[in-house]
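Understanding the architecture of this molecule
Here's the letter readout for the chains.
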Amino acid sequence: MGIVRKLCRLRLCNYVYTQRRMYSSESRRTTKGLVYCSLSNDVYENLAFEDWAYENWTFEDVSVLLLWRNDPCVVIGRHQNPWMECNISKLKSENIKLARRKSGGGTVYHDTGNLNITFFTPRKLYNRHLNLEFIMRTLKTTWPQLDVNLSPRDDLMLNTNYKISGSAAKLGRNNAYHHCTLLFNADTTVLHDILHANTDGIDSKATESVRSKVKNLSDVEPAITYKSLIEAFSREFYECNPPSHQAKTYEFHPTDTKSYPDVIKIQNEFKQWNWIFGFTPKFAITTKFGELSVCLETKNGIIQNVTISGEEPWLDDLSRNQIIENLKNTRYWHSDLVRALLPLTSSLKTEDSQPLTELIDKICEMARDHR
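The following refers to the structure shown. (Residues numbered from 1 in each chain as written. Predicted model: local features only at pLDDT ≥ 70, side-chain atom pairs only at ≥ 80, totals over all residues. Heavy atoms only, no water.)

1. Describing the sheet that holds strand 5 (residues 108–110)
The strand order 4-3-5 describes an open sheet built from three strands, whose pairing is mixed. The open sheet terminates on both sides in strands that have one partner only, identified here as strand 4 (97–100) and strand 5. Between one strand axis and the next, the sheet turns by 25° as a mean value, whatever way the strands run. Strand contacts of helix 2 (residues 43–56): strand 3 (73–76) and strand 4, with the helix running at about 15° to strand 4, the strand carrying the most contacts. (Pairing = 2+ DSSP bridges. Helix = DSSP H or I, 4+ residues; strand = E, 2+ residues; numbered from the N terminus. Axes fitted to C-alpha atoms, helices over the stretch in contact; angles between N-to-C directions. Contact = heavy atoms within 4.5 Å.)

Shown next, in the form of C-alpha cells:
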C-alpha cells in the first residue's frame with residue numbers, strides 16, 4: 001500500500017508540474033499576478049466592481065484573479081428570460097435578490113457556500129479551458145482525494161456525475177474575463193427550489209439553462225471552507241504568476257469610491273428593473289380561460305401586442321378591445337397589469353360580470369404565477 005501511495009503521489013506531482021508549466025507558458029505575456037478578494041457579499045456591488053475592472057484596468061502586464069461570494073441570490077445570463085429560469089414569486093417572498101450579469105451563459109444560484117472566481121486577462125490570452133484546468137489542479141493538489149474532472153461541456157464535475165461549477169465569459173476588444181462558480185457548502189435545497197420555473201405557455205428565443213445534478217465539495221471533503229479555498233487558489237495562482245507586489249490576497253470593498261470611482265453608479269444600473277427584466281429578449285406567453293386563449297407578446301419587458309382568441313357569450317367586442325388596448329405598452333409585471341386593467345375592474349360590480357372579472361384576474365396573474 002505504501003508503494004501505491006507513493007506512485008499516486010508521484011503521478012500527482014508530475015501532473016501538477018506539467019499543468020503549471022502549461023499555464024505559465026500560455027500566460028507568458030502576463031508575467032505578474034495579483035489576487036483580490038471582495039469583502040462585500042452584495043451581488044450588485046460585486047458584479048459592478050467586476051464590470052468596472054473590466055472596463056478600466058489593463059491586463060497586459062498583470063493577470064488578476066478575483067475571488068468573491070454573495071448572500072443568497074440568483075444570477076441570470078445576459079441573454080436569458082428570468083420568467084423561464086427561476087421562481088420569481090419565491091424570490092420576492094424569501095427576499096432573495098435577482099441579478100442579470102453582463103456575460104452570457106446560464107442561471108446560477110449564489111450564497112455564502114459558493115465561491116465565485118474571475119480571471120481577468122487581455123482578450124488575446126483568454127483561455128477558458130486553461131482556467132478550469134487551474135481550478136481543477138488547485139483542488140486536486142490541496143485535497144488529493146477529490147475526484148474532480150472536466151466534462152466535454154467544460155463543466156467541472158465531482159465524482160463524474162455532479163456539477164460543482166458554472167462558467168461564463170465576456171470578451172471585449174482589449175480585455176476579457178472568465179468567471180466561475182464553485183459549490184463548496186451551498187444550500188442545495190434552496191438552489192433546486194428557486195431554480196424551478198414553470199415554462200408552460202412561454203415561447204422565447206432566450207438562452208435556456210441546462211439543468212444538472214449538483215453537489216457540494218464539502219460533502220466529500222468536510223475540511224473545505226471558504227477560507228481554505230481562498231488560501232489554496234491564491235497560493236496556486238502565485239505559483240503560476242509571480243506576484244506583482246506581495247504574494248498575498250488583497251482584500252478590498254467594491255464601494256471604496258476613492259479607489260474604484262463609478263462602481264456605485266454601475267451598481268445602481270445593475271439593480272434597475274430595465275436591466276434585470278427589461279433586457280429580456282422578446283417572448284410571448286399564452287394562457288387559457290374557458291374557450292379563450294390570451295397571448296401577450298413582450299419586447300424589453302413591455303407588452304407590445306395582445307391577442308384574445310376564441311368566443312365566450314359574456315365577452316363582447318367592446319370589453320375585448322378595452323383589455324387589449326389597456327395592456328399595450330404596459331410592463332410585464334403584476335402590479336402594472338393590475339393598474340392597467342383597474343378602470344375595467346372598477347366598473348364591474350354585477351354578478352353577470354363575474355366571468356369577465358375572473359378573466360382579468362387571470363391575465364394579471366400571468367406575470368406573478370408563472371413559476
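2. Comments concerning the pairing of strand 1 (residues 32–38)
Burial within strand 1 is extensive, with six of its seven residues counted as buried. In this structure, strand 1 lies alongside strand 2 (residues 62–68), joined through six bridges in parallel fashion. Each residue of the ladder has a partner; that of tyrosine 36, found in strand 2, is leucine 66. In this view, the connection linking strand 1 to its parallel neighbour strand 2 by way of helix 2 has right-handed handedness. (Buried < 20%, exposed > 50% of the residue type's maximum accessible area, 1.4 Å probe, protein only. Right-handed = clockwise from strand over helix to strand, strands pointing away.)

3. Quick look at the pairing of strand 9 (residues 162–165)
Alignment of strand 8 (residues 156–158) against strand 9, held across three bridges, turns out to be antiparallel. Bridge pairing links leucine 158 to tyrosine 162 in strand 9. Between the antiparallel neighbours strand 8 and strand 9 lie three residues, among them asparagine 159 with a positive phi of about 50°.

4. Quick word on helix 12 (residues 354–365)
Compared with the 16 Å implied by 1.5 Å per residue over twelve residues, the 16 Å span of helix 12 between its first and last C-alpha is a close match. Summarising the contacts, the buried residues of helix 12 are in contact with strand 14 (283–289), strand 15 (292–299), helix 10 (317–327) and helix 11 (334–345). (Expected span 1.5 Å × (residues − 1).)

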